[in-house]
Amino acid sequence: ELGPYRHFMQKEIHEQPRAVSDTIEAVIDNNGFGPELFGDKAAEVFDAIDAVKILACGTSYYAGMTAKYWIESIAGIRCDVEIASEYRYRDIVANPKELIVTISQSGETLDTMEALKYAKSQGMEQTLSICNVPESAIPRASKIVYYTRAGAEIGVASTKAFTTQLVALFTLACTLAKVKGRLTAEQEHGYLEELRALPGSVQHALNIEPQIIAWAEKFAPKHNALFLGRGVHYPIALEGALKLKEISYIHAEAYPAGELKHGPLALVDESMPVVVIAPNDQLLEKVKSNIQEVRARGGEMFVFADLDSNFSEAEQVHVIRTPRHTGVLSPIVHTIPVQLLSYHTALAVGTDVDKPRNLAKSVTVE
Ligand code: M6R
């Protein structure tokens, strides 16, 4: 089953061009976005809502955080994201016009399921599940469903489920924009083209694996790491930190780079590697000045840039470039290097990559 791979995680990382391509197939076949992609009841559901609330746990929660940027900027609809285990136990202000979106690879995560039940009990009837396992509990409890087509994910660390969730959520943002009359034909065409190019861009990002292996050797002996990103790449920094701690047991934290001065900068010294997700976007110049702050404190930086980010290697600053500039889908492409970094670091550390200690693939208890 593993073929040429040593672990399921490695296999699943490398399956992403296929997984992403399968997940966008429906959009490509449809030649555009639209509620029909989300099933028969979707037009009615999308008409009835004016806000989005995303509920999820772990990596799926970070997919939701990324989606907030897309939903608010592309569809112009307010979007909040909340950790399911928090939402389910607090007093909420019910809004029946809120679309409740649960995201779950397994479709069986107890906290996500309970958060969904709680929302329904408070009068939120418009519910969408984004899930990878057909007919699992969460999609069965939801009014409409969008299935990611990652295929079975066996490694405890979520990889291809995450990138396909992002594809589904981008599709949701564009569809909501269309339903609400905010998507011009030209924009729709542009986003479709970006989706079409995505499997190829993911493959290009996988091709930088040899360079990342060299970095992983440097990470393996470390005890701590800091991940930085800004804007839509901040959730990718969070995902990178979660992946690293989950499988290599190295303590890692992620911050929006603008927060450095408000505390975490005190942690930075020569022994703290700092990973920066820095593709060319409107925040790049801000990220660069954040990097200077780290450099001035002796920190060693590992920067994931893209073709357009005009970054140069310098003392204490290592740069790996993803081979294309990928615009609005850049967070999907920049997930690949952080997955590879955690995988190869864990290999160098010698942990049980597919079954990290203390963790289960599907969390069906509290
Ligand atoms: O199956 P789900 O997507 O609901 O699972 C949620 C989390 O348990 C999961 O993403 C977890 O954080 C992963 N092990 C992260 O790699």
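Residues numbered from 1 in each chain as written. Predicted model: local features only at pLDDT ≥ 70, side-chain atom pairs only at ≥ 80, totals over all residues. Heavy atoms only, no water.

The protein chain has the name Glutamine--fructose-6-phosphate aminotransferase [isomerizing] in an unreviewed UniProt entry, where Aquilutibacter rugosus is given as its organism. Entered under Subunit (unreviewed entry) in the UniProt record, the comment concerning the protein chain runs "Homodimer." Turning to the protein chain, the UniProt record has this under Subcellular location (unreviewed entry): "Cytoplasm". (UniProt positions renumbered as here; feature names shortened; annotations may be inferred.)

Undergrad: Lay out the nonpolar core with the relevant residues and their values.
TA: Soluble globular proteins tend to pack their nonpolar side chains together in the buried interior. Ranked by internal contacts, the top residues of the largest apolar core, which has 87 residues, are Ile-71 and Phe-227. Element by element, the count of residues in this core is highest for helix 8 (residues 160–179), at 11 residues. If sequence neighbours within four positions are ignored, Phe-227 has contacts with Ala-237, Gly-240, Ala-241, Leu-244, Ala-252, Glu-253, Ala-254, Tyr-255, Val-275 and Val-338. Counting 20 residues, the second-largest nonpolar core is a separate cluster that includes Ala-257, Met-301, Val-303 and Phe-311. (Core = buried A, V, L, I, M, F, W, Y, C linked by side-chain atoms within 4.5 Å. Buried < 20%, exposed > 50% of the residue type's maximum accessible area, 1.4 Å probe, protein only. Helix = DSSP H or I, 4+ residues; strand = E, 2+ residues; numbered from the N terminus. Contact = heavy atoms within 4.5 Å.)

Undergrad: Lay out the packing of aromatic side chains with the relevant residues and their values.
TA: For the coordinates displayed, the defined rule picks out 10 aromatic pairs. Between the aromatic rings of Phe-170 and Tyr-191, the centroid separation amounts to 5.5 Å while the plane-to-plane angle is 90°, which identifies the pairing as edge-to-face. In this pair, Phe-170 is assigned in helix 8 and Tyr-191 in helix 9 (residues 185–206), connecting sequence segments 21 residues apart. We classify Tyr-191 as buried; its relative accessible area is 16%. Judged by centre distance (5.1 Å) and plane angle (40°), the ring pair of Trp-215 and Phe-304 falls under tilted. Of this pair, Trp-215 sits in helix 10 (residues 209–219) while Phe-304 sits in strand 9 (residues 300–306); the two residues are 89 residues apart in sequence, bridging distant segments of the chain. (Phe/Tyr/Trp six-rings, centres within 6.5 Å; stacked < 30°, edge-to-face > 60°.)

Undergrad: Describe in detail the sheet that holds strand 6 (residues 224–229), supporting the description with residues and values.
TA: Two modes of strand pairing occur in sheets, parallel and antiparallel, and in both the strands are linked by backbone hydrogen bonds. Taken in spatial order, the 5 strands line up as 7-6-8-9-10 in an open sheet, and their pairing is parallel. Sheet topology places strand 7 (251–256) and strand 10 (317–322) at the edges, where each strand pairs with a single neighbour. Across this sheet, the average inter-strand angle for adjacent strands is 20°, counted without regard to direction. Of the pairings in the sheet, the one linking strand 6 to strand 7 comprises 6 bridges and is parallel in character. Within the sheet, the bridge partner assigned to Gly-229 lies in strand 7 and is Pro-256. With respect to the sheet, helix 14 (residues 335–349) is in contact with strand 6, strand 8 (273–277), strand 9 and strand 10, its orientation differing from that of strand 9 by roughly 140°. (Pairing = 2+ DSSP bridges. Axes fitted to C-alpha atoms, helices over the stretch in contact; angles between N-to-C directions.)

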